[in-house]
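# A closer look at the structure
Given next are the chains, with one letter for each unit.
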Amino acid sequence: MGTRKGYDLELKEINDRVETMGKQVLLAIDRTIIALEKMDVVAANAIMKNDALIDAMETDIEERCIQIVVKQQPIASDWRRLASYMRMISDLERIADNCSDIAIYIKKLASLKTVTPPAHLGEAFSSMRQMVADMVEAFHNEDLQLAEKVVKADDIIDELFEKNVQEIRDAIKADTDAIEQYLDYLFIDKYVERMADHVTAVASWISFITKGELNIMFTDRYARESKDNPQ
Amino acid sequence: MSENSKFTARNLNLYYGDFHALKNINFEIEANKITALIGPSGCGKSTFLKTLNRMNDFVEGCKIEGDVLLDGKDIYKTDMSAIELRQRVGMVFQQPNPFPKSIYENVAYGPRIRGIKKKSELDEIVETSLREVGIWDEFKDRLHKSALGLSGGQQQRLCIARTVAVHPEVVLMDEPTSALDPISTMKIEDLAVEMKKKYTIVIVTHNMQQANRISDTTAFFLLGELIETGATKDLFLNPKNKKTEEYITGRFG
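Here's what I pulled together on the structure shown here. Nothing here was measured: the structure is a model prediction, and the numbers come from that model. (Residues numbered from 1 in each chain as written. Chains lettered and ligands numbered in written order. Predicted model: local features only at pLDDT ≥ 70, side-chain atom pairs only at ≥ 80, totals over all residues. Heavy atoms only, no water.)

### Some remarks on the sheet that holds strand 4 (residues 62–70) of chain B
Residue and element names in this part refer to chain B. Defined as follows: By this definition, two strands are paired if DSSP reports at least two bridges between them. Helix and strand assignments follow DSSP, with helices taken as H or I runs no shorter than four residues and strands as E runs no shorter than two, numbered in order from the N terminus.
The strand order across the open sheet built from four strands is 2-1-4-5, with neighbouring strands paired in antiparallel fashion. Each edge of the open sheet is held by one strand with a lone partner, namely strand 2 (19–30) and strand 5 (73–74). One ladder, built from eight bridges, connects strand 1 (residues 5–16) with strand 2; its direction is antiparallel. Its bridge partner lying in strand 2, Y15 is registered against H20.

Here it is, written out as structure tokens:
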């Protein structure tokens, strides 16, 4: 044992950096939730500025993964980890992007007349946030059960997304002067739903790391939506 | 024993004097597949390879128990001679070992001692064998030059041509590329993959990437025991045994 000390240290370093990136993404979500609640333009700008940090983390981890693959030719569990990290960080970075996308809409909403947000948006946001928190913990502990819980939770977000769409539709009908604001909320709703898809993908890589089973969770929405409906 | 089994080892034990070199090996080698034997030095993988064509017969104090079946017949308990066996089960070694003869004579040697004397027939075997290993065009204008003047990689491919010239069923390869440069190594690997259509191949290698690249099945030996065997694509991605994982990822050995 211990014949590849430098290699082991670098693998551990990459693993720690992926975890740190996950925590940073969680922090970005927390900030986004608060900024939306308070319609805080300064906080929204800070979220967008902070995105560069998360981008840099992705690039750093990606470069380290590429280097270690070239130098050490990892196989077995080492390779499963590295292949997973490279996919995970891409989805994590997209979640952070979505926080910035939402920040843009927060700024827009703050400049318009205040309307009541869709009733289930807060719930969708906090449920998605919990998925990210659980994913970070599942990654740290290599907890397959918790990772599976994250994957299952995606269905809840999908339902909440639909409820919000319905509420937005009703609200627009009731108050046509506030179409702008409700369209902004519609986009935010959609981003939250996409963020849940990304965290589901990240969580599903945990089963590849721990068990070697490639069981990537893709959304089944397209399969559902594309069914021929005879009615 | 499965239908596609070429070799079957059953409760195989091998001793060199007091040293227990192979411990109760049970293993099937599938026909027309490449089976890689991996493990640290002294683990028994080369010893196992040599039991398949009775190369251990030369080793003093070597005692073998259990069965080694080739197409269902025990190679140690039939009237099949070692010479006949080695015609069916050819071998390529770590160091290319061409005879100090011409390229032509190296390939014609085996067929000649098996009684083929007609020049036209030998010519045809030489050409076919050299074509089979992809070196006919390279060598056709210098067939009567000494094989010792060839590069290591060329010599190794010539040795493979010499092996296939007697139409074996199995080709054993004992670290066939460990003395070769990367380009020659790739040529041998490509050749092995091509050859499995016709032959069963068993290869001992210290190169994990090589085992991963070319073999269908991999067997991991440690201290004379067969620790794990399985489809190569699974074994190198998700080994079941912790010792296999530690060895293939270079954490001991």
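### Topic: the sheet that holds strand 10 (residues 225–231) of chain B
All names here are of chain B. Definition in use: To define axes, lines are fitted to C-alpha atoms, for helices over the stretch in contact only, and angles between the resulting N-to-C directions are given on a 0 to 180 degree scale. Whether two residues are in contact is decided by their heavy atoms, any of which lying within 4.5 Å being enough.
With mixed pairing, the six strands of this open sheet are ordered in space as 6-7-8-3-9-10. With one partner strand each, in any of the chains shown, strand 6 (89–92) and strand 10 form the two edges of the open sheet. On average, each strand axis in the sheet is tilted by 20 degrees relative to the strand beside it, whichever way the strands run. Examined bridge by bridge, strand 3 (residues 34–38) and strand 8 (residues 200–204) share four bridges and lie parallel to one another. For I34, the partnering residue across the bridge sits in strand 8 and is I201. Sheet contacts for helix 6 (residues 152–164): strand 6 and strand 7 (170–174); angle to strand 6, the most-contacted strand, approximately 170 degrees. Of the strands in this sheet, strand 3, strand 7 and strand 8 are in contact with helix 7 (residues 182–195), which crosses strand 7 at around 155 degrees.

### What about unusual backbone geometry?
Among all residues save glycine, negative phi is the norm, and among peptide bonds the norm is trans. The test is simple: Relative accessibility under 20% of the residue-type maximum defines a buried residue, over 50% an exposed one, and the middle range a partly exposed one, all with a 1.4 Å probe and only protein chains included.
The backbone phi angle of M39 of chain A is positive, close to 50 degrees, even though this residue is not glycine. Along the chain, the position of M39 of chain A falls in the loop between helix 1 (5–38) and helix 2 (41–72). With phi around 50 degrees, L223 of chain B is a residue other than glycine that occupies positive phi space. Structurally, the position occupied by L223 of chain B is in the loop between strand 9 (217–222) and strand 10. Look at L223 of chain B and you get exposed, because its relative accessible area is 62%.

### Observations regarding the nonpolar core
Residue and element names in this part refer to chain A. Heads up, the rule is: Here, nonpolar core means buried Ala, Val, Leu, Ile, Met, Phe, Trp, Tyr and Cys residues that are tied together by side-chain atoms lying within 4.5 Å of each other.
Membership of the largest hydrophobic core comes to 68 residues, with the highest contact counts inside it found for I29, Y85, F125, M128, M135, Y185 and I188. When residues of this core are traced back to their parent elements, those giving at least two are helix 1, helix 2, helix 3 (76–110), helix 4 (121–141), helix 5 (144–174) and helix 6 (179–211). When near neighbours in sequence (up to four residues on either side) are disregarded, M128 contacts I29, I157, V192, M195 and A196.

### Quick word on the pairing of strand 10 of chain B
Residues in a regular strand project their side chains so that they alternate between the two faces of the sheet. All names here are of chain B. Taken together, the six bridges between strand 9 and strand 10 define a ladder with antiparallel strand orientation. Bridged to F220 within strand 10 is E228. Here strand 9 hands over to strand 10 after two residues, with L223 in that stretch at a positive phi of 50 degrees.

### A few points about the interface of chain A and chain B
Applicable threshold: Note on definitions: buried area is the accessible-area loss of two parts on being combined, 1.4 Å probe, summed for both. Put simply, a salt bridge is a Lys or Arg side-chain nitrogen that is within 4 Å of an Asp or Glu carboxyl oxygen. Definition of a polar contact: a pair of N or O atoms within 3.5 Å, with one able to donate and the other able to accept a hydrogen when the atoms are protein atoms, and with sequence-neighbouring residues admitted only if both atoms are side-chain atoms. When residue character is reported, Ala, Val, Leu, Ile, Met, Phe, Trp, Tyr, Cys and Pro are called nonpolar, Asp, Glu, Lys and Arg charged, and the others, Gly included, polar.
Taken residue by residue, the interface counts 17 residues in chain A and 14 residues in chain B. Where chain A abuts chain B, roughly 1200 Å² becomes buried across the two surfaces, and 47% of that area is made up of carbon and sulfur atoms. Taken together, the links from chain A to chain B amount to two salt bridges. In this structure, the salt-bridge partner of R251 of chain B is D78 of chain A, at a minimum N-O distance of 2.8 Å. The interface formed by chain A and chain B contains nine residue pairs in polar contact (both at pLDDT 80 or more). For the side of chain A that touches chain B, the secondary-structure elements that each account for two or more residues are helix 1, helix 3 and helix 6 of chain A. At five residues, the largest contribution of residues to the side of chain A that touches chain B is made by helix 3 of chain A. When the residues that make up the side of chain A that touches chain B are grouped by side-chain class, the tally is seven nonpolar, five polar and five charged.

### Some remarks on the environment of C65 of chain A
Residue and element names in this part refer to chain A. Assignment of secondary structure puts C65 in helix 2. Residues C65 and W79 lie 14 residues apart in sequence; the distance between their C-alpha atoms is 9.8 Å. Aside from chain neighbours lying at most four places away, what touches C65 is I14, L82, Y85 and M86.

### Comments concerning the environment of G22 of chain A
Residue and element names in this part refer to chain A. Position of G22 among the secondary structure elements: in helix 1. When its relative accessible area of 3% is taken as the criterion, G22 is described as buried. Aside from chain neighbours lying at most four places away, what touches G22 is L92 and V136.

### Thoughts on the packing of helix 1 of chain A against helix 4 of chain A
Residues and elements named next belong to chain A. For the record, the criterion: For classification purposes, an angle smaller than 35 degrees is called roughly parallel, one larger than 145 roughly antiparallel, one from 65 to 115 roughly perpendicular, and anything else oblique. By definition, turning the near helix anticlockwise from the far helix through less than a right angle yields a left-handed crossing, and turning it clockwise yields a right-handed one.
It is the contact of helix 1 with helix 4, at a shortest axis distance of 10 Å, that shows an interaxial angle of 165 degrees. Here helix 1 is positioned roughly antiparallel relative to helix 4, judged by the angle of their axes. Crossing handedness for the pair helix 1 and helix 4: left-handed. Residues N15, V18, E19, G22, K23, L26, I29, D30, T32, I33 and L36 of helix 1 pack against L121, F125, M128, R129, V132, A133, V136, F139 and H140 of helix 4.

### Focus: the packing of helix 2 of chain A against helix 3 of chain A
Residues and elements named next belong to chain A. Their axes nearest at 9 Å, the elements helix 2 and helix 3 cross at an angle of 165 degrees. Taken together, the axes of helix 2 and helix 3 are roughly antiparallel relative to one another. When you trace helix 2 past helix 3, the crossing you get is left-handed. A breakdown of the residues in the contact of helix 2 with helix 3 according to their chemical character gives 20 nonpolar, three polar and seven charged.

### A word on helix 4 of chain A
Residues and elements named next belong to chain A. Here is the rule: In a helix, the anticipated span is given by 1.5 Å times the number of residues less one.
If you check helix 4, its first and last C-alpha atoms are 30 Å apart, about what 21 residues at 1.5 Å a residue would give, namely 30 Å. For helix 4, the complete set of buried residues consists of L121, A124, F125, M128, M131, V132, A133, D134, M135, V136, A138 and F139. The inward-facing, buried residues of helix 4 contact helix 1, helix 3, helix 5 and helix 6. Of the residues trailing helix 4, E142 is marked for its positive phi of about 50 degrees.

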